[in-house]
Amino acid sequence: MMKWEENIRKAVPYVAGEQPNKPNMIKLNTNECPYPPAPGVESAAKTLDYEALRLYPNADVTPLVEALAEYYHVKPSQVFVGVGSDDVLSMAFMTFFNGSKPILFPDVTYSFYDVWADLYRIPYETCPLDENWHIRPQDYKRQNGGVIFPNPNAPTGLLESLDTVEEIVRANQDVVVIVDEAYIDFGGESALSLLKKYENLLVVQTFSKSRAMAGLRIGFCIGNEKLVHYLSDVKFSFNSYTMNLPSQVLGVEAVKDDAYFKETTHKIQSTRERIKKELSELGFTFPDSKANFLFASHRSIPAKEIFKALREADIYVRYWDKPRINNSLRITVGTDEQMDCLIDFLRKYIENK
Ligand code: PMP
């Protein structure tokens, strides 16, 4: 290592799922929505004020913050938006996890958490999920500098009950507890209802999955006004104009169309339930996902082999060669047609094994 390299911040980055662009591929690897955004988003995109791109966007993202506040029945001062929930989470790590005690999160979870913790030099400890992949609330009842977990968890898709979430929040009122609800709209019960009771709770959500807008990068969190204030101070100490104008305008359109939102999230849930049955018949097992993906293992064929075979057929799913999860595939729930192709491929592949 050269002398000048000593003062450099070294980071081991998060590895996002690949984004191949092949004409006939079936892309089930990054939990995107298989349906387009709400129709109002398309019309607003076509009539975007091109001239306005000359100007900086609204730094406070006021129309989108107000639309979210109205939708979720909270005050605008309780809402913070960011460039995807990754941006919101990253800012939240920097703001709220600033103590010397370790923060806690599950051992099998969103693999960005340890990346941010390392980047910001936040000490952390992981709490093992139980043998059925569930969070054990008792693990979170010890000294810590903060708590974060996704609900439903990723990559397992397992939802914890609101009682379990509350048990963890209640036991940790001296620190901030972040519930990452990236996948809550596919059948889960949000912790937003707990905000009235707990001022240490921050609920993070995203437009990338249930609102079909991963490409626009919109995430947000809702919490106590004080938490949001602290978060905004850090964000504005970092970069003022993060969310671009098109995302601000189109985000509002997505929030307006609740009927479309409900229709697409219900469609994904019914496809998911059908696919659970078909995958079981083919010898797969998986936790009972309440997200827009399944975390499946086959009873006899190693996940890595299936992953490679699928990839050669241009069917992309996610696989991690990591302890505890290296025999599972995370399969995003696509359209019914996409899932039929997946099932057909798997049926033939398994028959010929
Ligand atoms: N949280 C979890 C649990 C996720 O799986 C993801 C998607 N990678 C995110 C947050 C971030 O999503 P986005 O930045 O697109 O909102």
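Here goes a summary of the coordinates provided.

**Examining the site of the ligand**
Here's step 1: All residues in the neighbourhood of the ligand are listed as G84, S85, D86, L89, Y110, D180, A182, Y183, T206, S208, K209 and R217.
Here's step 2: Contact between the ligand and S208: an oxygen atom at 2.6 Å from a side-chain N or O atom of the residue.
Here's step 3: Its free accessible area being 410 Å², the ligand has 92% of it covered by the protein chains.
Here's step 4: According to the grid-proximity analysis, the pocket containing the ligand is the largest pocket.
Here's step 5: No other element matches helix α3 (residues 84–96), which puts four residues into the shell around the ligand.
Here's step 6: Class assignment of the residues belonging to the shell around the ligand gives a composition of four nonpolar, four polar and four charged.

**A closer look at the sheet that holds strand β10 (residues 293–298)**
Here's step 1: On the basis of which strands lie adjacent, the open sheet formed by four strands has the order β9-β10-β13-β12 and antiparallel pairing. Looking at the sheet topology across the chains shown, the edges are occupied by β9 (284–285) and β12 (318–319).
Here's step 2: Bridge count between β12 and strand β13 (residues 329–332): two bridges; the pairing is antiparallel. When the bridges of β13 are listed, R318 appears paired with R330.

**Details of the pattern of salt bridges**
Here's step 1: Overall, the coordinates contain 23 salt bridges when judged by the stated rule.
Here's step 2: A salt bridge links E166 to K197, with the nearest nitrogen and oxygen atoms 2.7 Å apart. Of this pair, E166 sits in helix α5 (residues 162–170) while K197 sits in the loop between β6 (177–180) and β7 (201–206), placing them 31 residues apart in sequence.
Here's step 3: The partner of K276 in a salt bridge is D288, with the nearest N and O atoms 2.6 Å apart.

What counts, and where the lines are drawn
Starting from 1, residues in each chain are numbered consecutively following that chain's sequence as written. Totals for whole chains, interfaces and linings use all residues, but because this is a predicted model, local features are given only for residues with pLDDT of at least 70 and pairs of side-chain atoms are given and counted only at 80 or more. Where side-chain values are given, they derive from all heavy atoms of the structure, hydrogens and water being excluded. In these notes, residues near a molecule or strand are those with any non-hydrogen atom within 4 Å of it. Throughout this description, a polar contact denotes any pair of N or O atoms lying within 3.5 Å of each other; where both atoms belong to protein, one of them has to be capable of donating a hydrogen while the other can accept it, and for residues adjacent in sequence the pair is counted only when both atoms sit in side chains. To measure how exposed things are, a 1.4 Å probe is used in the Shrake-Rupley method; for residues, cover is taken only from the protein chains shown. Points on a 1 Å grid, built from protein atoms alone, make a cavity when a 1.4 Å probe fits but cannot get out and make a pocket when they are open with protein on both sides within 12 Å along at least 5 of 7 lines; residues with an atom within 4 Å of a point are the lining residues. In this scheme, a molecule is assigned to a cavity or pocket if more than half of its atoms are within 2 Å of the grid points. Helix and strand definitions follow DSSP, with helices as H or I runs of at least four residues and strands as E runs of at least two, each counted in order from the N terminus. Three classes are used: nonpolar for Ala, Val, Leu, Ile, Met, Phe, Trp, Tyr, Cys and Pro, charged for Asp, Glu, Lys and Arg, and polar for all others, with Gly counted as polar. In short, DSSP must find at least two bridges between two strands for them to pair. Salt bridges, as used here, are contacts in which a Lys or Arg side-chain nitrogen is within 4 Å of a carboxyl oxygen on Asp or Glu.

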